[in-house]
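Analysis of the macromolecular model
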Amino acid sequence: MRTIPQQREGRLLLVPLVTFLLVFLSFPALVDIVYALSDVTFQTMRAPELVGLRNFGTVLADPEFWSACWFSLRFGGLTAFIECALGLALAIFLSPIVCRYGWTIAILMLPMMVAPSMVGLMYRLVLHEFAGPLPYYLTLWSGTSPAFLDAGHAFWTLVVVEVLQWTPFAFLLFHVAYISISSEIREAAAMDKAGAWRILWRIELPMMKATIAIALGIRFIDGFRVFDNVFTLTGAGAGGSTTSLSIYIYQSFFKGGQIGQAVAASALLFFTSLIVLYAGGMLKSYRERRRVAA
Amino acid sequence: MNILRWLVFGIAAIAMNFPVIVTLITSFKSAKEIAMNPGLIVQAPTFANYARVLTDTSRFNIYAYLFNSTVAAFIGSFLALLLTLPAAYAIVRTGVGKKHLLPVVANLRAVPLVVFAIPLYMMFQFVGLLDTRIGLGLILTIVNLPLSLMMMVNAISDIPGEIDEAARMDRASAFVILRRIVGPVIRPAIVTAFIFGFITAWNEYLFGLMLTTRQAVPITVGSSFFFSASGGGVQWGIASAVMVLGAMPPAILGCLIYRQLTGSMTAGAVKG
């Protein structure tokens, strides 16, 4: 029942959103392109001097840029994997009590409700060598406590911080996917004398495959672009060992005042994520087409 | 077996909420006790830290930070709904925008926010929106658009087409249908989307850090002020009280709607 006037009305309804997107995305994109190609500081912001692709060359030749890339990739990959593994295990193991007592979800969800930046600040207290409970109890029980935030340990400390805050997200996705598997399927499998492990590996996990992929993807993206908790917990300290890509861009902009370079780096990041997202979309529609064909 | 489950639940709950627990406990300790006793048992609980934070606003004014966060988060969440509700209706009922607009907005969620921060800083400086609550609210709208749109699309897809078909036969305009029919039917989804957007916007840090300096500083940024340089190190008790107050609004909202949140958040995630 699609008529022409309806579509016209439909376009009208899209106008506010599209206008907003044009103002807040295309204008910045334009600014980005100009500044990425210019030599510009805070003083010469209104009169950028075009220098071609020099900024991109500077960024690509900067070892700190590459170490920031490596940090973000490693951080995103590791946290996504650990969060999903833990979340999946918790969702399946705890499902009998979580289904019965709904309030347990609220408790497990609470960490996600707190701002990541504040969680970073809170860990400054938790890990503080004099005021923090964790070093206090570790020293009390084992005699020593590691320096959580020095160059050697900071990366893993941050991984644990991120994992503890966002495992609930993976848990929640898996919980919903797990309870939506119909009980008839489980009963049928049990009828065939399949054990609990076999049902898990052969039936339940394959049925949750799509959710697992989505959870991994979302958690990787969020880990890759991490800024808040890393910035408030270690700053860019710990010998530069915790500079994520977002922090690198922020720092070259505000601290260094190298606007052109910062914008070039963010443009690189933007286009890389576009390519990845586009490839993801292509892959998805290819799979769907194949499924339809099969 | 269930005892084991409760044990695992207890350990997970404590580990995940550990920073919140520690902060809450520390906020009730006096400065003297913090220096002597970093443990988790408070010997002499006191409200002095809260009293100090709430009455002494000469250096850092927590009311201003909380107010800024409230206004900016309200704008960010409300405006996102205002923009996405009609768009979602058009997308679901007429199919316009399904092919390009929907994926573009949904993918915004995956773009690192810092990419927008620098050009928007320039743009805001140009039009005088730097360090204003409205400016911050406008940016938080961008942050909220993807999930808001997905949630609205899902909610409207669930309404049977016959309901608004009848109204359309009577030549009711789309605006009237949205306000009189679709809006009321999906009100629960709208409330959930609003609260979820409010929490997301309240918890945002990067834009607050980059785009505000004095007038419009949100609580996420303001609370970090209590950690930096006050001569003689951080006053942990006071800093903890600030963080408890700053983390409370989203935590309470989250607890109020956690049941709906589970469903809608996963819906947004799965279809995005």
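Residues numbered from 1 in each chain as written. Chains lettered and ligands numbered in written order. Predicted model: local features only at pLDDT ≥ 70, side-chain atom pairs only at ≥ 80, totals over all residues.

The name recorded for chain B in an unreviewed UniProt entry is Sugar ABC transporter permease, from Phyllobacterium myrsinacearum. Chain B has a UniProt comment under Subcellular location (unreviewed entry) that states "Cell membrane". (UniProt positions renumbered as here; feature names shortened; annotations may be inferred.)

In the nomenclature of an unreviewed UniProt entry, chain A corresponds to ABC transporter permease from the organism Phyllobacterium myrsinacearum. The heading Subcellular location (unreviewed entry) in the UniProt record of chain A holds the text "Cell membrane". Annotation of chain A in UniProt includes, under Sequence similarities (unreviewed entry), the sentence "Belongs to the binding-protein-dependent transport system permease family."

**Some words on the overall build of chain B**
Check the secondary structure of chain B and you find 15 helices and 0 strands. C-alpha extents for chain B along the principal axes are approximately 75 × 60 × 30 Å. Residues counted as buried form 50% of the 272 residues belonging to chain B. Looking at chain B alone, contacts between residues at least 24 apart form 78% of all its contacts between residues at least 6 apart. (Helix = DSSP H or I, 4+ residues; strand = E, 2+ residues; numbered from the N terminus. Buried ≥ 20, exposed ≤ 12 C-beta atoms within 10 Å, placed from the backbone. Contact = placed C-beta atoms within 7 Å.)

**Some thoughts on the overall build of chain A**
Within chain A, the secondary structure is distributed over 14 helices and 2 strands. Its C-alpha atoms give chain A a radius of gyration of 24 Å, clearly above 19 Å, the size a compact globule of 294 residues would have. Across its three principal directions, the C-alpha atoms of chain A cover 75 × 75 × 30 Å. Residues classed as buried in chain A amount to 41% of the 294 residues present. (Rg over C-alpha atoms; globule rule 2.2 N^0.38 Å.)

**Structural notes on the interface of chain A and chain B**
With 76 residues of chain A at the interface, the matching set in chain B holds 71 residues. Examining the composition of the side of chain A that touches chain B, we find that 16 residues originate from one element, helix α1 (residues 4–36) of chain A, more than from any other. Per-class residue counts for the side of chain A that touches chain B are 55 nonpolar, 14 polar and 7 charged. (Nonpolar A, V, L, I, M, F, W, Y, C, P; charged D, E, K, R; others polar.)

**Some points on the domain arrangement of chain A**
When its domains are assigned, chain A resolves into domain 1 (1–32) and domain 2 (69–260). Each of domain 1 of chain A and domain 2 of chain A was reduced to a C-alpha centroid, and the two centroids are 36 Å apart. (Domains from an automatic or database assignment.)

**Looking at the nonpolar core**
Met 122 of chain A together with Ala 88, Tyr 89 and Ala 117 of chain B are the most contacted members of the largest nonpolar core, which totals 160 residues. Aside from chain neighbours lying at most four places away, what touches Ala 117 of chain B is Leu 206, Phe 207 and Met 210 of chain B. (Core = buried A, V, L, I, M, F, W, Y, C linked by C-beta atoms within 7 Å.)

**Quick word on the UniProt feature "transmembrane region" (unreviewed entry) in chain A**
Residues and elements named next belong to chain A. Within the UniProt annotation, "transmembrane region" (unreviewed entry) is assigned to residues 12–37, 75–94, 101–126, 154–178, 199–221 and 259–281. Overall, residues 75–94 shows 95% helix and 0% strand. The separation of its end C-alpha atoms is 27 Å. Taken as a whole, residues 199–221 contains 96% helix and 0% strand, while its terminal C-alpha atoms sit 31 Å from one another.

**Some points on the UniProt feature "transmembrane region" (unreviewed entry) in chain B**
Within this structure's numbering, the places UniProt gives as "transmembrane region" (unreviewed entry) are residues 7–28, 62–89, 101–122, 134–156, 177–202 and 236–258 of chain B. As annotated, residues 7–28 of chain B comprises 86% helix and 0% strand, and the C-alpha atoms at either end are separated by 28 Å.

**Here we look at the domain arrangement of chain B**
Interfaces are often sized by the amount of accessible area the parts lose when they come together. All names here are of chain B. With domains assigned, chain B is organised as domain 1 (2–46) and domain 2 (62–271). Taking only C-alpha atoms, the centre of domain 1 and the centre of domain 2 are 32 Å apart. At the interface, 8 residues of domain 1 touch 7 residues of domain 2. Going through the elements one at a time, α2 (18–26) and α3 (31–36) are the ones with two or more residues in the side of domain 1 that touches domain 2. Here the side of domain 1 that touches domain 2 is composed, by residue class, of 3 nonpolar, 4 polar and 1 charged.

**Considering the environment of Ile 219 of chain B**
All names here are of chain B. Following the sequence through the fold, Ile 219 ends up in helix α13 (residues 219–225). When the 29 C-beta atoms within 10 Å are taken as the criterion, Ile 219 is described as buried. For Ile 219 and Phe 175, which are 44 residues apart along the polypeptide, the C-alpha to C-alpha distance reads 37 Å. Once residues lying within four places of it in the same chain are set aside, the contact partners of Ile 219 are Tyr 65, Leu 66, Ser 69 and Gly 246.

**As for unusual backbone geometry**
Residue and element names in this part refer to chain B. A positive phi is found at Asp 131, a non-glycine position, where the angle reads about 60°. Inspection of the secondary structure puts Asp 131 in the loop between α7 (114–127) and α8 (133–157). Here Asp 131 falls in the partly exposed class, since 16 other C-beta atoms lie within 10 Å of it.

**Things to note about the environment of Val 114 of chain A**
Relative to the helices and strands, Val 114 of chain A resides in the loop between α5 (103–113) and α6 (116–126). On the basis of neighbour count, Val 114 of chain A is assigned to the buried category, with 24 C-beta atoms found within 10 Å. Each C-alpha atom of the pair Val 114 of chain A and Gln 165 of chain A lies 8.8 Å from the other, and the pair is 51 residues apart in sequence. Aside from chain neighbours lying at most four places away, what touches Val 114 of chain A is Val 119 of chain A together with Val 20, Ala 247 and Ala 251 of chain B.

**Focus: the packing of helix α11 (residues 187–202) of chain B against helix α14 (residues 236–256) of chain B**
Residue and element names in this part refer to chain B. Orientation of α11 relative to α14, taken along the N-to-C sense of each, is 155°, at an axis distance of 10 Å. As judged from the angle between their axes, α11 and α14 are roughly antiparallel. By crossing handedness, the relation of α11 to α14 is classed as left-handed. Across the interface between the two elements, Ile 195, Phe 198, Ile 199 and Trp 202 from α11 touch Pro 249, Pro 250, Leu 253 and Gly 254 from α14. Its residues assigned to classes, the contact of α11 with α14 shows 7 nonpolar, 1 polar and no charged. (Axes fitted to C-alpha atoms, helices over the stretch in contact; angles between N-to-C directions. Parallel < 35°, antiparallel > 145°, perpendicular 65-115°, else oblique. Left-handed = near helix turned anticlockwise from the far one by under 90°.)

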